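Chain by chain, the residues:
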Amino acid sequence: MTISLRLAASLLLCLVGFTGARAQGVITFQEELHDFGKVPEGTVATHEFKFKNTGNQPLVLGNVQASCGCTTPEWTRTPILPGKMGVVKAMYSSAGRPGVFNKTITVTTNTTAPSTVLTIKGTVLNKEEIRKSLTPAELAAAPRAVVAQPVHNFGRMEAGQQPVARFEVQNTGKQDLVFNGITSGCYCIGFKTPPAPIKPGQKGTLEIIYTQRKLGAMVDEATLTSNDPHGDLKLTLKAEVVKSLNAASLVKESDVSVPFK
C-alpha cells in the first residue's frame, strides 16, 4: 500500500511538472510568406502577417527585426492573451529598387521557440514596364502629375540655411496622385512635410526644403516618385550659395576678396 501511494504521488508530481512546463504562449501565424507579385516602383508595398496566441499564457513580441532598411516593420506591442490575435505589419519601400526582392523579418517572442522568420517577396516594375503592362484605357485613367513651373531659383542664400521652395502640382489624371519619395544627387533636398494625396483635377502644393552647403552657383535636380505611371516628376533648385549674407562679409571672387554689393 505504501509503495502504491508513493508511486501515485510520484506520478502526480510528474504530471504537475509536465503541465507547468507546457504553460506558455505559442505564436501561430496564418502565413509566414507573402508574395506581393508585381509592385509599381515608387509605392510602399504593405502586408499584415496575422497571428494567434494558441498557448495558455500571455504572448509577448520582444523585437521584430527586418533584414534591410528598405523594410519597415510594425507590430502588436502589448501582451497577447491566450486565444487573442496580433499582427506584424511589413512595409517595403520600392522607390529606386526595380527588380526582384526577397526580404525577411525575424520575430522574437517569449516562447520556447523564441523566433519566427517571415518572408516577403515580389518584383518591382519601373515606370516603363508599368506603362507597357497597362491598356490605353488604364493608362488614361491613371493619375498624372503636371507642374507648370518645375524650376525654383532661391537667388543668393547662406550656406546652412534651409529655405523652402513651393511647387504647384496638378493631377490631370482620374485617380488620386500620391507622392511617396524624393531623391537627389546632392542628398540635400527633401519634403518639408509629407505631401497629401491630390485628387483628380485638383492642385496641390509641394514644399521642398533645400539644405545645400556647398558654395557657389548651384543647380540641383530632385526626382519625385509617385503612383503616376507616366514617369517621375523632375524639379530643379538653383541658388548662389555664400558663406554669409551679412553686408559686411567678404566673398572671394576670382581669387580677390571683395565686399558684397
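What you are looking at is a predicted structure, and each value in this text was computed from that prediction instead of being measured.

1. Side note on the state of the cysteines
One pass over the structure, following the stated rule, counts 2 disulfides. The residue that forms a disulfide with C68 is C70, at a sulfur-sulfur distance of 2.2 Å. Between C68 and C70, the S-S dihedral sits near -70 degrees, and the bridge is therefore left-handed. Regarding the disulfides, the chain carries the connectivity 1-2, 3-4 under sequence-order numbering of its bonded cysteines.

2. Re the side chain of T225
On the secondary structure map, T225 appears in strand β15 (residues 216-226). Among residues more than four places away in sequence, those in contact with T225 are G42, A95, V178, F179, N180, G181 and D232.

3. Description of the pattern of salt bridges
A full pass over the atoms with the stated rule returns 5 salt bridges. Put simply, E207 and R166 hold a salt bridge, and the shortest N to O gap is 3.0 Å. Of this pair, E207 sits in strand β14 (residues 203-210) while R166 sits in strand β11 (residues 164-171), and the two are 41 residues apart along the sequence. R166 gets classed as partly exposed once you look at its relative accessible area, which sits at 49%. Where D176 meets K199, a salt bridge forms, and the shortest distance between an N and an O atom there is 3.1 Å. Taken together, the residues D176 in the loop between β11 and β12 (179-184) and K199 in the loop between β13 (189-191) and β14 connect sequence positions 23 residues apart. For D176, a relative accessible area of 28% gives the class partly exposed.

Calculation criteria
- Residues numbered from 1 in each chain as written.
- Predicted model: local features only at pLDDT ≥ 70, side-chain atom pairs only at ≥ 80, totals over all residues.
- Heavy atoms only, no water.
- Disulfide = S-S within 2.5 Å.
- Helix = DSSP H or I, 4+ residues; strand = E, 2+ residues; numbered from the N terminus.
- Contact = heavy atoms within 4.5 Å.
- Salt bridge = Lys/Arg side-chain N within 4 Å of Asp/Glu carboxyl O.
- Buried < 20%, exposed > 50% of the residue type's maximum accessible area, 1.4 Å probe, protein only.

In short, geometric facts, not functional conclusions.
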